[in-house]
Amino acid sequence: MLGFLKQPVVVTAEINMNLVALTVMGLVNRLWALSYPRAVVFDEVYYGQFVSLYMKRIFFVDDSGPPFGHMLLAFGGYLGGFDGNFLWNRIGAEYSMNVPVWSLRLLPALTGALCVPLAYQILVELHFSHCAAFGAALLILFENSLITQSRLMLLESVLIFFILLAILSYLKFYNLQKCSPFTAGWWFWLLLTGVACSCAVGVKYMGLFTYMLLLAIAGVHSWHLIGDQTLSNVSVLCHLLARGLALVVVPVAMYLSFFYVHLTVLYRSGPHDQIMTSAFQASLEGGLARITQGQPLEVAYGSQITLRNVLGKPVPCWLHSHKNTYPIRYENGRGSSHQQQVTCYPFKDVNNWWIVKDPGMQQLVVSNPPRPVRHGHIVQLVHGITTRYLNTHDVAAPLSPHSQEISCYIDYNISMPAQNLWRVEIVNRESDTDVWKTILSEVRFVHVNTSAVLKLSGASLPEWGYRQLEIIGEKLSKGHHQSMLWNVEEHRYGKSQEQKEREVELHSPTQADISKNLSFMARFTELQWKILTLKNEDTEHKYSSSPLDWITMDTNIAYWFHPISGAQIHLIGNILTWASANVATLVYVCLFLWYLLRRRRKICDIPEDAWRLWVSAGGLCVGGWAVNYLPFFMMEKTLFLYHYLPALTFQILLIPVVLQHLTDHLCRYPGYSTGCPAVLISGDKSSEMMGFLVPAPALILGTLHYVPSVITLPCLAEENYSVNACTGLGKVNCSPV
């Protein structure tokens, strides 16, 4: 039974020394003297701020993309023991000793190094020669711009790594599809494709371009599978479900997980809170959560509240009033009601407090038990400090003459009675009997007399309005634009009926707690929407460029300058590589169109396998370049040269593809000793060009052919053919079929 112990256990392994050598060279190239310079280099000043916030668990919003890339950089800082204490305020600032520069730059350098063997494997999986694959890897290895970008705390090398990993994984999966579907390796590479795609999108939204390309390629392959008659209906269905799971469900789940980790780690209030809704702010530790701790959940008659506009643009602001009145006449000559001003004020202030009053009662305190306000109830809003009622009437707003003026009513004993009844409409209600809730409910206030809706116009009032934001009554409003929605942020139950006691009460802090927290999906949806819609004011940068500048490399970026030694770091490419990549792209497109046109005429210049390889390589390389480059022509954001690097990587992969194709099919004569241009074979009943598969082209009567020294052509027995060949180089025999 133990006889197997008599023989030694032998383990054999195949090691691709090309792959090992490229990996080692990539690591040395990217990691050597990684801590130099020990100073903030270009966008490190930008990403470093987010790393510090991660270390301190402080919430932030970055409108440039999802959080996964920032988390990877922060992970490097965590491994290096970074405490987040560094002021990222100036490019060129020397790093203090507590900043682990090597650790912060490690992950981009590692991913940049691994791009080298990935490029090699991609061309091998495309069935190109190891020589071509090695050449592609060397071009990636020594490309200046890729080296520079991967040796700093930047995200482009991480993005390119996940893009190439997704491409390689799909190619390995597709090659296994032909011989061993549904095996462990088949599932591994398919799932890794989806994971790599979600990571690429999670680093930067530019990764979405390659993800869409792979989905399109997978869609074409799936369409071919559906037409494969050798597969049963159940097998086809399983193939489609597997691809849907790995390429759609897994990336979506992964993408959500990035935000889940992001929101779990960043639980403290920070400088970006103000752009989020009150409910989101209250879910963070400190900040608004500290202010609103213990608040009553349900708004009742007599409640003292502050109302925050849901839109938050141009700045977050609260419904506000003060004793100043609208001027009798505006600068353009129009008249006003001369009532008390109502504005939207972007700061916390005691004049932001309002009291919810029951129109049928005089008291301004909450009864016992409290009577909650529900959807559809009619209320009056009384300004806490001045005790005047929120009002509107048929008077044009100061800056929006087609809308109504909003004011607090002053009785001037003229023929303009108060119109201060408002209907509460809870937009995000679950039923028509929902109670108005603090922070959670988004409400519209509809004027009972005129049906105008209380709205933030966003315009800034002149000096007489202290540059505060205009509030209007929007007539004939349809839909629920966020500028019309309001939520209660601070809330207390009023206890003082006397005005002086009430003013003291309004100045005191609230102490309440929202018992219901926002769900993860609610927070994710809000954060995702802010990332997509939040726009910083783009200003022209001295190193910004246009997509046309990238092709010719007619631009660069000065990343760093040493004030004493004069040493500099510039982002600039290798001119030979960039020029070769452009030429390779042009040659590929021209040859592809030429082959396509001639194949339409039933003329095949290259073997069918070579054509399929040519198309698949072009679909990945040229397609990858196009989807990562052309969309920038439609973008209005400030662009830099580094935005072109993912597209450039695909172009570099195309260089050896084109060179091998030219060598194999247009510059050699494999298997033939001599040759001559094609022969014209004509018969009595018909004339036809006979096609031969040959290595070198000659244009004879509209076709490209060579014939070998001796060739036998099939002839139909009932037809007589005459053969005209070129002189001296070959012999042509014709034999009946």
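Residues numbered from 1 in each chain as written. Predicted model: local features only at pLDDT ≥ 70, side-chain atom pairs only at ≥ 80, totals over all residues. Heavy atoms only, no water.

Taking an unreviewed UniProt entry as the reference, the chain is identified by name as Protein O-mannosyl-transferase 1 belonging to Gopherus agassizii. Heading Pathway (unreviewed entry) of the UniProt record for the chain holds this comment: "Protein modification; protein glycosylation." Its UniProt record gives the chain a comment under Sequence similarities (unreviewed entry), which states: "Belongs to the glycosyltransferase 39 family." (UniProt positions renumbered as here; feature names shortened; annotations may be inferred.)

### Topic: the pairing of strand β14 (residues 568-571)
The side chains of a regular strand alternate, first on one face of the sheet and then on the other. Here β14 shows a buried face lined by Ile569 and Leu571 and an unburied face lined by Gln568 and His570. Across four bridges, strand β13 (residues 557-561) lies against β14 in antiparallel orientation. The residue bridging phenylalanine 561 from the neighbouring strand is glutamine 568, located in β14. The loop that links β13 with its antiparallel partner β14 comprises six residues; one of these, glycine 566, has a positive phi angle of about 80°. (Buried < 20%, exposed > 50% of the residue type's maximum accessible area, 1.4 Å probe, protein only. Helix = DSSP H or I, 4+ residues; strand = E, 2+ residues; numbered from the N terminus. Pairing = 2+ DSSP bridges.)

### Some details on the side chain of serine 198
In this structure, serine 198 sits in helix α8 (residues 184-203). Side-chain polar atoms of serine 198 contact the backbone oxygen of valine 195, separated by 2.7 Å. Residue contacts for serine 198: discarding those within four places in its chain leaves Pro251, Met254 and Phe258. (Polar contact = N/O pair within 3.5 Å; in protein donor to acceptor, adjacent residues only side chain to side chain. Contact = heavy atoms within 4.5 Å.)

### Some remarks on the packing of aromatic side chains
Inspection of every chain in the model, using the stated rule, returns 44 aromatic pairs. Put simply, the rings of Phe209, Trp550, Trp578, Trp625, Tyr629, Phe632, Phe633 and Tyr644 pair up and form one aromatic cluster. One Lys or Arg, arginine 492, reaches over the ring of tryptophan 353 and ends 4.4 Å from the middle of that ring. Over the aromatic face of phenylalanine 280 sits the side chain of arginine 523, whose NZ or CZ is 5.9 Å from the ring centroid. (Phe/Tyr/Trp six-rings, centres within 6.5 Å; stacked < 30°, edge-to-face > 60°. Lys NZ or Arg CZ within 6 Å of the ring centre and 35° of its normal.)

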